[in-house]
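Secondary and tertiary structure notes
The primary structure of each chain is shown beneath.
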Amino acid sequence: MAKITFLGSCREVGRSAILIESKNGDQCILDYGIRFREEERLPQKTDLTRLKGVALTHCHVDHSGALPYLYKNKNPPFFTNPVTLEIIDKLIQDTLRISKYPYPFGIDELNNLKRNAHFLELGERQRIADDFFLTFYDAGHVPGSVSIVVEVDGKKILYTGDINTKPTNLVKSANPDQIPEVDAVILESTYALRTHPPREELEQQFVEEIIETIENGGKVLVPAFAVARSQEAILILNKLRYRGKLFIDGMAKLISKIYFDHPESLKNKNQYRNALRRAKFINRRRKKSITGKSNSVIVTTSGMLKGGSALHYIKPILKDPLSAIFLVGYQVEGTPGHKLVNEGVFMFKENDSKRHTNFDIDIEAKCKVKYFDFSSHADGQGLQDYIDKIKFQNSSKDVFCVHGDNKSVTTLASNLVDRNYRSVAPEDGESYII
Ligand SMILES: [Zn+2]
Ligand SMILES: [Zn+2]
């Protein structure tokens, strides 16, 4: 018997956390992330006195951000890989530093998490308790991302984590053929209702528009997530022979360096090294001179323009009809990036220290603004194709749809029911016996 309890990521993207228990009560946690809202950022509380292991699918903080909480006076083994550990260290430190939210853990707990890390290779079967094993498989989402198969009391459960069924320039795709026969799948559903545009055409269009802008004397700002998307943009530019000036700034520099040090996490380390060599890292001294220069591409955080060094460059670009801002990641509603793409207006939060006031200024974009959907998640068709390739040990074919908004998870679950799967979109706190 295996019991699955959903402690988060039900009908939302945020605080991914899944508890698996054996019949004698041994416990394992898969992911332990945070969500971004005012209250209840951590996964649902539950009794974890028999926690035998913690395993992480990938570095994004909606999967990893609350992990240190599990290491408050406790030392369960933490299963991950070197590139993911190095990145979560930086991301969690950054979250603690910039957030006003009173997280019930700090650097001490983060250090304790790191002390308990054990590295698992892809395909290596790790015992965590009696009749309780974990195995990692490539998930194709970002460098270091894995899906996890949990074997407990003779049952096998696949937790996909975030998956991409198409290769990107940075990583290979997830491969469902490698997954052994399972009894149940916990499936991400982020883009269950979307169809991504054909990748090659999109890449071509992205680079052509950049070259055109540069040739006309403009500058291009590419706000991108520090993890994976910034590096993907740089790889695309190099592959399609953009040979102009290219700069990287913000947290993307640090993550690019970590990937450089972990070539095992990349699809093609030589391509990555070549692409990165063409891009210049911006340091404090250089920042001023680059702000005024035209004919350059600047790839920098944050991806949704909520902060980060993109704000340092954006004002003159917004006012320049020859320049362009090309967003390359999903824009959540309510973020400055979403407003810029949909309304052509950028909202500055200015801070007048003399008068001790904060005020918002809307600047209308005179520059070109465009969104390129370089997603690292499977789309609706990708998810269906993936699940169809999974082999089930029994006819019930249980699929739990998580990590998507209400409409995405419920639609995906009902589509799967129509195709003879036993599928549900669970609610936070619900448990199921397999
Ligand atoms: Zn992710
Ligand atoms: Zn996620």
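Right, let's talk about helix H9 (residues 310-318) for a bit. Along H9, the residues that are buried comprise Ala 310, Tyr 313, Ile 314, Ile 317 and Leu 318. One side of H9 holds all its buried residues, which, seen down the axis, span an arc of 125°.

Now for the environment of Ser 309. Locating Ser 309 in the fold gives a position in the loop between strand S15 (296-300) and H9. Considering only alpha carbons, one finds Ser 309 and Lys 172, 137 residues apart in sequence, at a separation of 30 Å. Other than its neighbours up to four places away in sequence, Ser 309 contacts Asp 249, Gly 250, Thr 300 and Thr 301.

Pairing is parallel across the open sheet formed by six strands, whose spatial order is S14-S13-S15-S12-S16-S19. The strands lining the two open edges of the sheet, one partner per strand, are strand S14 (280-281) and strand S19 (368-371). Examined bridge by bridge, strand S13 (residues 245-249) and S14 share two bridges and lie parallel to one another. Bridging from a neighbouring strand, Ile 248 pairs with Phe 281 of S14. Contacting S13, S14 and S15, helix H6 (residues 251-261) runs over the sheet at an angle of about 95° to S13.

Before going further, it helps to spend a moment on the packing of helix H2 (residues 82-98) against H6. In the contact formed by H2 and H6, the axes pass within 10 Å of each other and the chain directions differ by 160°. Taken together, the axes of H2 and H6 lie roughly antiparallel to each other. As H2 runs across H6, the sense of the crossing is right-handed. Taken together, the residues of H6 that come into contact with H2 (itself represented by Val 83, Glu 86, Ile 87 and Lys 90) are Leu 254, Ile 255 and Ile 258. Residue classes in the contact of H2 with H6 are distributed as five nonpolar, no polar and two charged.

Across its 17 residues, helix H4 (residues 199-215) extends 24 Å between first and last C-alpha, which sits within 8% of the 24 Å expected from 1.5 Å per residue. The set of residues buried in H4 consists of Glu 203, Phe 206, Ile 210, Thr 213 and Ile 214. When H4 is viewed along its axis, its buried side chains cluster within an angular range of 105° and face the same direction. The exposed residues of H4 that point more than 90 degrees off its buried face are Glu 200, Glu 201, Glu 208 and Glu 215.

Let's shift gears to the domain arrangement of the chain. Assigned domains within the chain: domain 1 (2-194 + 376-433) and domain 2 (199-371). One C-alpha centre belongs to domain 1, the other to domain 2, and the line joining them spans 30 Å. Across the boundary between the two partners, domain 1 contributes 18 residues, which contact 16 residues of domain 2. Here the residues of the side of domain 1 that touches domain 2 sort into nine nonpolar, five polar and four charged.

A few words now on the sheet that holds strand S1 (residues 2-6). Judged by pairing direction, the sheet is mixed, and its seven strands sit side by side in the order S6-S5-S4-S3-S2-S1-S22 without closing on themselves. A single partner strand is all that each edge strand has here, and the edge strands are strand S6 (117-119) and strand S22 (431-433). Strand-to-strand twist in this sheet, taken as the mean axis angle between neighbours without regard to direction, amounts to 25°. Pairing analysis gives three bridges linking strand S5 (residues 78-80) to S6, with the strands arranged parallel. When the sheet's bridge partners are listed, Phe 78 is paired in S6 with Ala 117.

Judged by nonpolar contacts, the single largest core of 124 residues is most densely connected at Ile 18, Ile 20, Ile 157 and Val 222. Both domains that meet at this core, namely domain 1 (2-194 + 376-433) and domain 2 (199-371), each give it at least three residues. Setting aside chain neighbours within four positions, we find Val 222 in contact with Ala 233, Val 297, Ile 298, Val 299, Phe 326 and Val 328.

So, how was this worked out
- Residues numbered from 1 in each chain as written.
- Chains lettered and ligands numbered in written order.
- Predicted model: local features only at pLDDT ≥ 70, side-chain atom pairs only at ≥ 80, totals over all residues.
- Buried ≥ 20, exposed ≤ 12 C-beta atoms within 10 Å, placed from the backbone.
- Helix = DSSP H or I, 4+ residues; strand = E, 2+ residues; numbered from the N terminus.
- Arc of directions from axis to C-beta.
- Contact = placed C-beta atoms within 7 Å.
- Pairing = 2+ DSSP bridges.
- Axes fitted to C-alpha atoms, helices over the stretch in contact; angles between N-to-C directions.
- Parallel < 35°, antiparallel > 145°, perpendicular 65-115°, else oblique.
- Left-handed = near helix turned anticlockwise from the far one by under 90°.
- Nonpolar A, V, L, I, M, F, W, Y, C, P; charged D, E, K, R; others polar.
- Expected span 1.5 Å × (residues − 1).
- Domains from an automatic or database assignment.
- Core = buried A, V, L, I, M, F, W, Y, C linked by C-beta atoms within 7 Å.

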